[in-house]
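Report on the structure
The lines below spell out each chain.
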Amino acid sequence: MSKNIDTDWWKGAVIYQIYPRSFRDSNGDGIGDLPGITEKLDYIRDLGADGIWICPFFKSPMKDFGYDVADYCDVDPIFGTLDDFKRLMEKAKKLDLKVITDQVVNHTSDQHPWFKDSESSKIGDKSDWYVWADPKEDGTAPTNWLSKFGGPAWNFNMRRGQYYLHTFLPSMPDLNLHNPEVQDAFMDNMKFWLDLGVDGFRFDSVLFCMHDRYLKDNPHVPRRHLKPIEGRSFIEPYAMQDHVYDFNQPEALGFINRLRKLMDQHPGTFMVGEVSGTFSEEQAADLSAKYSEEGKYFHTVYNFSFLGDAPTPDLFRQAVENSTRHGIKSWPSWALTNHDVSRTITRWNRSNDPAQNREMSKTLNALLCSLYGTPFLYQGDELGLPDFEVPYHLLQDPLAVYLWPEWKYGRDGGRSPLPWAENDAEKTLDTDKAFNWLPVPPEHVPYAIEHQENDPDSVLNFTKAFLKWRKQHPALIHGEITFVDHSEKDIVCFMRAGEKETLLCLFNLSGTAIDMTIPVAVNDLERIENIPFTGTWEETSHELTLPAYGFCFLSMASLNKNRA
């Protein structure tokens, strides 16, 4: 192994998530593309990110916007060409930016050649590459399993006279990963991209990748345990089942271990798994630790603790402490939002005051990037960008159409194109002419990158300054974390202890100023230009005033002297 390869670069690295359709359109067709990403890699590097995760750009009929893959080893023409990806990789390497891509492991598109082969015959070469089953005696589906996108998880195929399993859309049949040949084929896909120089993969929906071989029915969840999610007024049928047999099967770990062995043959690469589902915070922590046990499975697991309703300081503490309380050695990853949920400022909005929401965005970005683990910033987080309510006739997301009007934002609300220039909205709102795949709403004009770059108080310039400052404090990247008891319900308070410094980190998650007594002995105050710290701090009495959505970092002098 080369001494120059940092195999643990991903620990504490800031990963910037790119949803390519909405990032940067380089050719004016209304859809973001790979050349657009290449064009703006300098922007991401200057932001302070260490790497990018690009959502699927593979050849696809786009029924689920790239997560329905028809060819794992080619680029869809709407995003460019394979040569465009090679140019992207070349520039990323020059800028010292890592690149990870999505691997959709649970399913393919029904347009994939594998499925075309599989549906053609019960005895063909790929006849058991997908999950097929005969109808019950009454002609109904083999099990009671439900699709995440509504309705049964089985679709009848007239060519084979059998049902096939689809956890998501009927056009996205589930692969049969119990079959070693399917695992081998999937690993070949990974080798293709590793040979092109990618630094890692994010694995989509991994807990769904195995099913119960005996196709047993799921038990129901007692009604008293059910509650609506994500602000919806109804309970989705999917939540009414205890997904014992179509989710989180033990055989999945064996498959992931095979993937890990492949990655270990490419030093410096890493895998992050999407481990999500309808379970408690404790169960989520258990699964995250199990699936990211050091040296065996994923290098890290993408945690969903903060992707729901506004978390309290207690939830931040609970999520982080749960992730580190196991005897299993593992490394967590965190995000506040992504392409599948409403944006943070929309889900957690407590004020109609733009100035207060701006400060809230700054504080949340700082908090995310101060936690123990690897932070993922979703494009637009650095702008404090909110969702917008997409008119029904412009909705693109099949899940949004299915859930409208109960969930009016859908996933489209957080997938709107990134506003680069102040006139972007003018170019996209005329519905009688060609416009972006989703419009840029007028209310996003004040958030435009062009505008924020020239505003010293903007969320963008704050995030740049903070990430630059963060790199100067290794304790915030690699240090251990210990939460500190205190009496203020709206304050997140923890210590990050590194080899040479220990920092006390305090974040006010409320819209009002808070007076508090510092719960531990501190000395000098660490500050950067744009920290919204306008209160007072008395060293002798340890009294601190944090403004609304304010935060500060205090150095632990007595501990730091021992580490100097």
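Reading the values: the criteria
Each residue is numbered by its place in its chain's sequence as written, counting from 1. Since the coordinates come from a predicted model, pLDDT governs what is reported: local features require at least 70, and pairs of side-chain atoms require 80 or more to be given and counted, while whole-chain, interface and lining totals use all residues. Note: side-chain values were computed over all heavy atoms of the structure, leaving out hydrogens and water. Under the scheme used here, helices are H or I runs from DSSP no shorter than 4 residues and strands are E runs no shorter than 2 residues, and both carry numbers assigned from the N terminus. Residue exposure (1.4 Å probe, protein chains only): buried if accessible area is under 20% of the type maximum, exposed if over 50%, otherwise partly exposed. The contact criterion used throughout is that any non-hydrogen atoms of two residues lie within 4.5 Å. For every accessible area listed, the method is Shrake-Rupley and the probe measures 1.4 Å; residues are considered covered only by the protein chains on display. We define a nonpolar core as any set of buried Ala, Val, Leu, Ile, Met, Phe, Trp, Tyr and Cys residues linked to one another through side-chain atoms lying within 4.5 Å. Here a polar contact is recorded for every N or O atom pair within 3.5 Å, except that within protein the pair must consist of a potential hydrogen donor and a potential acceptor, and residues adjacent in sequence are included only if both atoms are side-chain atoms. To estimate how far a helix should extend, the number of its residues minus one is multiplied by 1.5 Å. For this analysis, a salt bridge means a side-chain nitrogen from Lys or Arg found within 4 Å of a carboxyl oxygen belonging to Asp or Glu. Pairing between two strands requires that DSSP report at least two bridges joining them. Angles run from 0 to 180 degrees between N-to-C directions of axes, and those axes are lines fitted to C-alpha atoms, restricted for helices to the stretch in contact. Relative orientations are named as follows: roughly parallel for angles under 35 degrees, roughly antiparallel for angles over 145 degrees, roughly perpendicular for angles from 65 to 115 degrees, and oblique for any other angle. Each crossing gets its hand from how the near helix is turned against the far one by less than a right angle, where anticlockwise is left-handed and clockwise is right-handed. Charged residues are taken to be Asp, Glu, Lys and Arg, nonpolar residues to be Ala, Val, Leu, Ile, Met, Phe, Trp, Tyr, Cys and Pro, and polar residues to be all remaining types, Gly included.

**Some thoughts on the overall build of the protein**
- Within the protein one finds 16 helices and 21 strands.
- Across the 564 residues in the protein, those meeting the buried criterion constitute 59%.
- Taking contacts inside the protein between residues at least 6 apart in sequence as the whole, the part at least 24 apart equals 70%.
- Accessible area for the protein stands at about 22,500 Å²; split by element, carbon and sulfur atoms hold 48% of it.

**Structural notes on the nonpolar core**
- Counting 142 residues, the largest nonpolar core has Tyr-16, Ile-44, Ile-52 and Tyr-291 as its most contacted members.
- Among all residues touching Ile-44, those that are not within four sequence positions of it are Tyr-16, Ile-18, Phe-23, Ala-49, Ile-52 and Leu-97.

**Considerations on the side chain of Gln-183**
- Note on placement: Gln-183 falls in helix H5 (residues 180-195).
- Polar contacts involving the side chain of Gln-183 include one to the side chain of Arg-258, which spans 3.2 Å.
- Other than its neighbours up to four places away in sequence, Gln-183 contacts Leu-177, Met-210, Phe-255 and Arg-258.

**Section: helix H8 (residues 313-324)**
- Taking 1.5 Å per residue as the helical rise, H8 with its 12 residues ought to reach 16 Å, and the 17 Å between its terminal C-alpha atoms agrees with that figure.
- Taken as a whole, H8 has its buried residues at Pro-313, Leu-315, Phe-316, Ala-319, Val-320, Asn-322 and Ser-323.
- The secondary structure elements touched by the buried residues of H8 are helix H7 (281-291), strand S12 (332-335), helix H10 (354-368), strand S14 (480-483) and strand S15 (491-497).

**What to know about the pattern of salt bridges**
- This model, assessed by the stated rule, comprises 33 salt bridges.
- Here Asp-50 and Lys-471 are joined by a salt bridge, their closest N and O atoms 2.7 Å apart. Highlighted residues: Asp-50 in the loop between helix H2 (41-47) and strand S2 (51-54) and Lys-471 in helix H14 (residues 459-471), separated in sequence by 421 residues.
- The partner of Lys-191 in a salt bridge is Asp-188, and the shortest N-O contact between them spans 3.9 Å. Of this pair, Lys-191 and Asp-188 are both found in helix H5, three residues apart, which corresponds to roughly one turn of the helix.
- Note on Lys-191: relative accessible area 37%, which makes it partly exposed.
- In this structure, a network of salt bridges that share partners links the residues Asp-64, Asp-340, Asp-397, Arg-411 and Arg-415.

**Focus on the sheet that holds strand S6 (residues 132-133)**
- In spatial order, the strands read S6-S8-S7; together these three strands make up an open sheet with antiparallel pairing. Two strands bound the open sheet, and with one partner strand each, they are S6 and strand S7 (154-157).
- As defined by bridge partners, S6 adjoins strand S8 (residues 162-165) across two bridges and the pair is classed as antiparallel. Within the sheet, the bridge partner assigned to Trp-132 lies in S8 and is Tyr-164.

**Examining the environment of His-486**
- Relative to the elements of secondary structure, His-486 occurs in the loop between S14 and S15.
- Here the alpha-carbon distance between His-486 and Val-520, two residues 34 residues apart in the chain, equals 9.7 Å.
- Ignoring sequence-local partners within four residues, the contact set of His-486 consists of Ile-491, Cys-493, Met-516 and Pro-519.
- Reaching out from His-486, the side chain makes a polar contact with the backbone nitrogen of Glu-488 at a distance of 3.1 Å.
- Polar side-chain contacts of His-486 include one of 2.9 Å to the backbone oxygen of Ile-491.

**Here we look at the pairing of strand S16 (residues 502-508)**
- Burial runs high along S16: seven of the seven residues are buried.
- Covered by surrounding structure in S16 are Thr-502, Leu-504, Leu-506 and Asn-508 together with Leu-503, Cys-505 and Phe-507, the residues of both alternating faces.
- Note that S15 and S16 share seven bridges and pair antiparallel. Each bridged residue has a counterpart across the sheet, and for Cys-493 the counterpart in S16 is Leu-506.
- From the end of S15 to the start of S16, which pair antiparallel, there are four residues.
- Direction of pairing for S16 relative to strand S21 (residues 551-555): antiparallel, over a ladder of five bridges. Bridging from a neighbouring strand, Leu-503 pairs with Ser-555 of S21.

**Digging into the sheet that holds strand S9 (residues 200-204)**
- Pairing within the closed barrel is parallel, and its eight strands lie in the order S1-S2-S5-S9-S10-S11-S12-S13. Put simply, the sheet's adjacent strands are angled 25 degrees from each other on average, direction ignored.
- With three bridges connecting them, S12 and strand S13 (residues 374-378) associate as parallel partners. Note on S13: the bridge partner recorded for Ser-333 is Thr-374.
- Packing of helix H3 (residues 82-94) onto the sheet brings it into contact with S2 and strand S5 (98-104), and relative to S5 it is tilted by some 140 degrees.

**Some words on unusual backbone geometry**
- Phi at Met-62 is positive, roughly 65 degrees, even though this residue is not glycine.
- As for its placement among the helices and strands, Met-62 is situated in the loop between strand S3 (58-59) and strand S4 (71-75).
- Given a relative accessible area of 12%, Met-62 falls into the buried group.

**Some points on the packing of H5 against helix H6 (residues 251-264)**
- At a minimum axis separation of 11 Å, H5 and H6 run at an interaxial angle of 30 degrees. Of the possible angle classes, the one that applies to H5 and H6 is roughly parallel. Taken as a pair, H5 and H6 cross one another with a handedness that is right-handed. Residue-level inspection shows Pro-180, Gln-183, Asp-184, Phe-186, Met-187, Met-190, Lys-191 and Leu-194 of H5 in contact with H6, the latter providing Phe-255, Arg-258, Leu-259, Leu-262 and Met-263.
- Across the contact of H5 with H6, the residue classes break down as nine nonpolar, one polar and three charged.

**Quick look at the environment of Ala-285**
- Here Ala-285 is to be found in helix H7.
- Separated by 36 residues in the primary sequence, Ala-285 and Glu-321 place their C-alpha atoms 9.0 Å from one another.
- Discounting chain neighbours no more than four positions away, the residues touching Ala-285 are Asn-322, Ser-323, Arg-325 and His-326.

**Considerations on the environment of Leu-259**
- Tracing the backbone through its elements, the reader meets Leu-259 in helix H6.
- A C-alpha to C-alpha distance of 9.5 Å links Leu-259 and Lys-296, two positions 37 residues apart in sequence.
- If we skip the residues at most four places from it in the chain, Leu-259 touches Phe-186, Met-187, Met-190, Phe-203 and Met-271.

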